[in-house]
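# A structural walkthrough
These are the residues of each chain, in order.
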Amino acid sequence: MFPASFDYHKPGSIEEALELLTTLGADVKLLAGGHSLVPALKLRLTQPKHLIDLAGIAALKTVAVRENRLVLGAMTTHWQVESSPVVKAALPYLCEVAGLIADPQVRNRGTIGGSLVNADPAADYPASILALDAEMVCVGRGGRRIVHARDWFQGLLTAAIEEHEILSEIRIPLLPPRTAATYLKLRHPASRFAVVGVAAIVTVTQDQRCAEVRIGITGVGSCAKRAGSVEQQLVGHRLDATRIEAASAAACDGLEIDGDMHFSAEDKEQLCRTYVRRALLRTMHLAESGAFQPTRNAP
Amino acid sequence: MKRTISVTVNGKVRRESVEPRLLLVHFLRDVLRLTGTHVGCDTSQCGACTVSMNGLAVKSCTILAVQADGAEITTIEGLARDGALHPIQAAFREHHGLQCGFCTPGMIMAAKQLLERYPAPTIEQIRDQLDGNICRCTGYHGIIKAIEAAARAMAEKGQAPTTGS
Amino acid sequence: MLGKAIPRKEDQRFITGAGLYVEDVQLPGMLYAAFVRSAYAHAYIRRIDVERARNVPGVVAVITGKEWPELSATLPELNGSVTLTSPYIDSVKVVPHHLFPEKACYVGEQIAVVIAESAYAAADGVEAVEVEYEPLPAVASWEEAIKPEAPRIHKGVDNTVAHLKHEVGDVERAFRDAEIVLEKRLETQSLKSMAIECRAVAAQWEEATGTLNVWSTCQFHYMLRSAIAGILKMPAEAVRVMARDIGGGFGLKGVLHAEDVIIPLIAYRLKRPLRWAETRMEHMTASNHSGRQVHDVRIAARRDGTILGMDLKMYKEVGAYDHFDMMLQINTINHLTTHYKVPNIRVEGWAIATNTSPGSPYRGAGRVEAVFTMDRVLDAVARATGLDPIDVRLKNIVTPADMPYRNGMIYRDGVPVTYDAIDFPLLLERAKQRAEYDLWRRRQQEYRAAGRSIGIGISSYVEAGGLGPCEGATVSIDEAGRVTVKVGVNSQGQSHETTLAQICAHALGAPIDDIQVLGGDTSLMNIGFGTGASRVAVNAGNAVYKAAVAVRRKVVALASGILGCTEDEVEIADGIVSVAGARQNQTTLGELARRALRDRRMADLGGPGLVATEFFYPKTVTWASGVNIAVVEVDRETGHVDILKYVFVHDCGLPLNPMVVDGQIRGGFTQGLGIALGERVVYDEEGQVRSGSLMDYYVPRAVDVPDLELDHVTFPTPDNPLGIKSVGESGPNSPPAAIAAAIEDALGGAVEINTLPVTMSAILQALRSS
């Protein structure tokens, strides 16, 4: 497989990249880790005239904790997230999520920014980005814009980023005390993408009631979604198996689930409900055994 | 428009003028004539093209040669030192870790990173870390045995795995 | 040396990246080819506009079938170079398969080829070729193709292109006598061999010697030589096909595809070296696949579990061109009864053309279908009678007392299928013990009470291997004592360079390190057949043995004269030739080889030098066999199958190298695991390929493969000097049947598993509908 011809640009700063983005015309693609884009180029599914490689921009590679947020530059690779001491200290949950993406070689190159802009319906990160209530910082020539996770995934392969913008960083609020988190993924036998992936993040009160819960689902719909109806049935309650089971029945609400050659729509609905239930059960098991995520500093 | 890149491959600096669309795997195979790195799929699944780039195992079919400008790359041809096989290579032979040999270079390069990250891996870790490499011949049994044996051999020799290339 | 687990001689080059696969062949002035392929499963090619493509930078030529007369040639009609006869068949219609057809009959069929200075430019050129199609209605399944109103794939030819039937005993009577009659429809999926190396071919016209050099990934290089020489009207010796390092074959590369011929023809015309390497996407569309096979089976049995008769109707999709007549179905029939007595059998089969790439064998070649049918039948009888599946098997098993046992089938070499010197009950008992069958049966109940779904599945296979007609080998010793073994077969990973060297070392007394094995090059041997049908160890192995023995005879004759002893007193060990009891009186194989060049005594020993060529003609096939037991747990909510235990007991005669045998079984098992749980070529109704890449076609990874408990049992065959049987195709036969049975058992009889693969989705669907 051989890509069609294009010109290659490697700017050293975000400003330079934005300049190129506006001057090069319409047929431009940003190159992050390249593990969705390069296969698409090889299959000639996309034939841009210009590629702008973001690898030379140091500002896109931040990994830091600032103001109770984990800040990840868009060019942070999955392996960097998986192995970063900073992430491990602030949000070890995310290390686990990153470690479940694709395979080690792909994790060495694929980036969180690339994944979120590509918005593949079966990608792993989106479920957690929703459940973590992250913010995406988009930079354009007019300045920067913050997009909340709930507004980010707009449809099949569509994220809320404008044509001449660059996703610069992802800001993930650190979790409140007594919060447990699970990402449960059914790996596609062939592609290793998520058939269904459920991120469940639950904050419990001292008497083990659900103070706050966010559930993100990837894989089954046209894009990742929050399981709002499930969440509503959980807040304020003790999350025993019965409550979780009952609430999980609503896991597919608001998802447009289509069958494919591997799983029928019915299969996916069943898997989605099962995975939501199991992810919640596992999260509650973590909570009950005191295995909470690290806590943000008091404001 | 061609671009000149400078890549250190198996310790040698190679300066070449390449089309931006040239994949790293074709740069290695067709330009440098290092044909030990193979192509087995179009979609980054099979891992036959795995090489080490700046100390990380990568699929060279999913990287443009221009992205490797300034990088240090080790291919299967660069693994043996002064005629002596790398312990992983020797273990693949000893434990029947290959049949047709086509996936083998990529498998060995993936195993190299695996042992750098997990010097004393469990079988589960070995299986998990090989998820980016497909072998159609062996059923993986000999490969897993070889990697376990290589880990022991490297530990005995005190050959602390390096993270560099 | 024979029977020892020594590391492989061929590994050194593969582990250092020094192997030379076809895509590694690079010659000065080399050009690169890329194919324009049909976007439709069925369409007339009305116009091919190549003008724009010719102007693409780097493009040297765009070639259609009209370019030169030889491009209007057809592929050889029947591909099975080792198929000797076709028993049972009463009609076959062979449709000529043109290198460049005027009407495309499957997606991915070649329409034109772009030749360019680089593979990138060739791909650019392909994109610039404009093809005007006149699409026709397509049929992508046998069910559609047999409908009276179905479009015809080939004008004037019925879509049912071949038919066979065979009867043993009196089936009608068996059903009249039956206390139980069962009916089942069983389906096995279509598969791709999915070697990690796709197909490739390179060619170069060598003006100085008048030789067309061809490098190919094919398993049958002499067949390719014949095809090319035939079309170019050249002497066969003027075409040299080299098929040396090949990255896996598994059947798909045993077939002549159009590109294998087209590339050499173009290289010859252009007088420029030319290379084409298939992409995985081309592999998934244009390359052959195994074809779905559906069995409608009726079983007559007694309430005590005795099977009285079987009536089987077989429907096989053979794709757009049937290059194998009904070979796969014949294989199914000849392996159908596995270890059991089915005294009355009637089979009838149809080969049905579809608008897909042509069908061809995949490792196992009809055996998976046979085993899946027999074991599903035995399990159905167990369910109907309430007997344990083991007891039903013991009721019907062929015992040593029944040997030699004939099941009424005729093999492809025309010889009646005969089992001899095999103890099937022993294999079953060993498997039962190793699997702790009774313990798992008890656990199954306990686990079930705890809500866990555990199941046990049993499967038995036989594997006919070593199909003739023959193979040859030349063994020679040079003046330094180095031994060269030349064979007419090639390797796709089977370890010939080691195992054949072991045979030679054993027979000749030369050190293994001094023996090199050369194969995969038509210039080495005048005649050879190739690698497939689990035939190399038996055919080439025994040929090497015979040739080494012949050379040894010369060594002994010459040495006795030189050392002044009788022939009986000559001993050879480690390359040293000495007189028994007088070790100081010795010489070496190298010294004798030097003397043999000019010594007149060689005139009576077949000529100068220590060299001999021998052929081995097997009487018929050998029968390897085995029993598998699987214990699985099914997650009823997700359909996920976890293999808790897998026991593989097998016999392949005397192993040449137990490590290699082990590798063959484990690798084959893993392919069987893929067949059981997910591998599947899928076409939509229009004949478009839905399983177009490794994103959609499942191939087991390291995390998917359970630990295999392997138990080697040895029943040597008396049919060849080495007592060896085949092993190459043993691995994949039983896992699909054993795993499917275990899944059915785990689900507590709520559903029947009659279709492969048993995907998670299939399990979920079955549970929902039960």
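None of the values given here were measured: they were computed from a predicted structure.

### Considerations on the pairing of strand 21 (residues 483–487) of chain C
Residues and elements named next belong to chain C. Counting buried residues in strand 21 gives four out of five residues, a clear majority hidden from the surface. Summarising the sheet, strand 20 (residues 471–477) and strand 21 pair through five bridges and their orientation is antiparallel. Of the residues in strand 21, the one forming a bridge with Ile-477 is Val-483. Following the backbone out of strand 21, through helix 14 (residues 496–508) and into the adjacent parallel strand 22 (residues 515–518), one traces a crossover that is right-handed.

### Some points on the environment of C:Asp413
All names here are of chain C. Structurally, Asp-413 is set in the loop between strand 17 (405–410) and strand 18 (416–419). By relative accessible area, which is 19% here, Asp-413 ends up buried. The spatial distance from the C-alpha of Asp-413 to the C-alpha of Thr-85 is 5.8 Å, given a sequence separation of 328 residues. Within the local environment of Asp-413, its side chain forms a polar contact with the side chain of Thr-620, the two groups lying 2.7 Å apart.

### Some points on the sheet that holds strand 24 (residues 576–579) of chain C
Residue and element names in this part refer to chain C. Spatial strand order, 23-24-25: three strands in an open sheet with antiparallel pairing. The two strands at the open ends of the sheet, each matched to only one other strand, are strand 23 (570–573) and strand 25 (582–588). With strand direction ignored, the average angle separating the axes of adjacent strands in the sheet is 35°. With four bridges joining them, strand 23 and strand 24 adopt antiparallel strand pairing. For Val-570, the partnering residue across the bridge sits in strand 24 and is Val-579. Against the sheet, helix 16 (residues 589–598) contacts strand 23, strand 24 and strand 25, and its axis sits at roughly 55° relative to strand 25.

### Concerning the interface of chain A and chain B
When the parts of a complex come together, some accessible area is lost, and that lost area is often taken as the interface size. Contacts between the two partners involve 33 residues from chain A, matched on the other side by 31 residues from chain B. Here chain A and chain B share an interface that buries about 2,700 Å² over both sides, 52% of which is from carbon and sulfur atoms. It is A:Tyr8, A:Gln105 and A:Arg109 in chain A that bury the most area against chain B; as a group they hold 23% of the surface buried on that side. Taken together, the connections running from chain A to chain B amount to three salt bridges. Measuring nitrogen to oxygen at the nearest pair gives 2.8 Å for the salt bridge that ties B:Lys59 to A:Asp103. Taken together, the connections running from chain A to chain B amount to 15 residue pairs in polar contact (both at pLDDT 80 or more).

### A look at the interface of chain C and chain B
Between chain C and chain B, the residue contacts involve 54 residues of the former and 45 residues of the latter. Buried surface at the junction of chain C and chain B, both sides included, amounts to about 4,400 Å², of which 54% is carbon and sulfur. When residues of chain C are sorted by the area they lose upon contact with chain B, C:Ile15, C:Tyr120 and C:Ile196 head the list and together hold 19% of the total. Remark: the boundary between chain C and chain B carries four salt bridges. Across the salt bridge formed by B:Arg127 and C:Asp707, the nearest N and O atoms sit 3.3 Å from each other. Counting across the interface, chain C meets chain B through 29 residue pairs in polar contact (both at pLDDT 80 or more). With eight residues, helix 17 (residues 658–677) of chain C is the single largest residue contributor to the side of chain C that touches chain B. The residue makeup of the side of chain C that touches chain B, split by class, is 24 nonpolar, 17 polar and 13 charged.

### Section: the packing of helix 3 (residues 104–117) of chain B against helix 5 (residues 141–156) of chain B
Residues and elements named next belong to chain B. Contact pair helix 3 / helix 5: the axes reach a minimum separation of 11 Å and the direction vectors enclose 45°. Between helix 3 and helix 5, the angle falls in the class oblique. Regarding helix 3 and helix 5, the two cross each other, and that crossing is right-handed. Where helix 3 abuts helix 5, its residues Met-107, Ala-111, Leu-114 and Leu-115 lie against Ile-143, Ile-147, Ala-150, Ala-151 and Met-154. Across the contact of helix 3 with helix 5, the residue classes break down as nine nonpolar, no polar and no charged.

### Some thoughts on the domain arrangement of chain B
Residues and elements named next belong to chain B. Domains assigned within chain B are domain 1 (3–78) and domain 2 (87–156). One C-alpha centre belongs to domain 1, the other to domain 2, and the line joining them spans 21 Å. In this assembly, 18 residues from domain 1 lie in contact with 15 residues from domain 2. Buried area between domain 1 and domain 2, summed over both chains or domains, comes out near 1,200 Å², and the portion from carbon and sulfur atoms is 59%. Of all residues in domain 1, His-38, Thr-50 and Ile-76 give up the largest surface area on contact with domain 2, accounting jointly for 39% of the area buried on that side. Viewed at the interface, domain 2 and domain 1 are joined by zero salt bridges. At the junction of domain 1 and domain 2, the tally comes to six residue pairs in polar contact (both at pLDDT 80 or more). Sorting the residues of the side of domain 1 that touches domain 2 by element identifies strand 3 (50–53) and strand 4 (56–59) as the ones contributing at least two each.

### Some points on the side chain of C:Lys253
Residue and element names in this part refer to chain C. Position of Lys-253 among the secondary structure elements: in the loop between strand 12 (239–242) and helix 7 (258–270). Among the polar contacts made by the side chain of Lys-253, one reaches the main-chain carbonyl oxygen of Gly-248 at a distance of 2.6 Å. Leaving out residues up to four positions away in the same chain, Lys-253 has contacts with Ala-195, Glu-197, Cys-198, Arg-199, Thr-217, Cys-218, Gln-219, Phe-220, Ile-246, Gly-247 and Gly-248.

### Overview of the domain arrangement of chain C
All names here are of chain C. Split into domains, chain C comes out as domain 1 (1–27 + 199–277), domain 2 (293–467 + 620–769) and domain 3 (471–616). Computed over C-alpha atoms, the centres of domain 1 and domain 2 are 34 Å apart. Regarding the contact of domain 1 and domain 2, the summed buried area is about 880 Å², with carbon and sulfur atoms giving 66% of it. Counting across the interface, domain 1 meets domain 2 through zero salt bridges. The tally of links between domain 1 and domain 2 comes to three residue pairs in polar contact (both at pLDDT 80 or more).

### A closer look at the pairing of strand 4 (residues 63–66) of chain A
All names here are of chain A. As paired strands, strand 4 and strand 5 (residues 69–73) are joined by four bridges and run antiparallel to one another. Paired with Ala-64 across the strands is Val-71, a residue of strand 5. Hairpin connection from strand 4 to strand 5: two residues lie between these consecutive antiparallel strands, with Glu-67 at a positive phi of about 45°.

### Thoughts on a nonpolar patch on the surface
All names here are of chain C. On the surface, a nonpolar cluster with roughly 210 Å² of combined accessible area is contributed by Leu-78, Val-92 and Val-94. Mapped onto the fold, Leu-78 is located in the loop between strand 3 (59–64) and strand 4 (89–92). Classification of Leu-78 as partly exposed rests on a relative accessible area of 45%.

### Focus on empty space enclosed by the protein
In this structure the tally under the stated criterion is nine cavities of 30 Å³ or more. What lines the largest cavity is a set of 47 residues, among which C:Gln494, C:Thr531, C:Ser534, C:Arg535 and C:Gly728 lie closest to the centre. When grouped by side-chain class, the residues that make up the lining of the largest cavity number 20 nonpolar, 21 polar and six charged. If you add up the space inside the second largest cavity, you get close to 110 Å³. Residue lining of the second largest cavity: 14 residues in total, with B:Arg127, B:Gly139, B:His141, C:Pro706 and C:Asp707 positioned closest to the centre. Where the lining of the second largest cavity is concerned, the elements lending two or more residues are helix 4 (123–129) and helix 5 of chain B together with helix 17 of chain C. Taken together, the residues of the lining of the second largest cavity sort by class into seven nonpolar, three polar and four charged.

About the cut-offs
- Residues numbered from 1 in each chain as written.
- Chains lettered and ligands numbered in written order.
- Predicted model: local features only at pLDDT ≥ 70, side-chain atom pairs only at ≥ 80, totals over all residues.
- Heavy atoms only, no water.
- Buried < 20%, exposed > 50% of the residue type's maximum accessible area, 1.4 Å probe, protein only.
- Helix = DSSP H or I, 4+ residues; strand = E, 2+ residues; numbered from the N terminus.
- Pairing = 2+ DSSP bridges.
- Right-handed = clockwise from strand over helix to strand, strands pointing away.
- Polar contact = N/O pair within 3.5 Å; in protein donor to acceptor, adjacent residues only side chain to side chain.
- Axes fitted to C-alpha atoms, helices over the stretch in contact; angles between N-to-C directions.
- Contact = heavy atoms within 4.5 Å.
- Buried area = accessible area lost by both parts, 1.4 Å probe.
- Salt bridge = Lys/Arg side-chain N within 4 Å of Asp/Glu carboxyl O.
- Nonpolar A, V, L, I, M, F, W, Y, C, P; charged D, E, K, R; others polar.
- Parallel < 35°, antiparallel > 145°, perpendicular 65-115°, else oblique.
- Left-handed = near helix turned anticlockwise from the far one by under 90°.
- Domains from an automatic or database assignment.
- Patch = residues over 30% accessible without salt bridge, like charges linked within 9 Å, V, L, I, M, F, W, Y side chains within 5 Å.
- Areas by Shrake-Rupley, 256 points an atom, 1.4 Å probe, with all protein chains shown as cover.
- 1 Å grid on protein atoms, 1.4 Å probe; cavity = no way out; pocket = protein on both sides within 12 Å on 5 of 7 lines; lining within 4 Å.
- Points joined across faces, edges and corners; volume = space filled by probe spheres on them.

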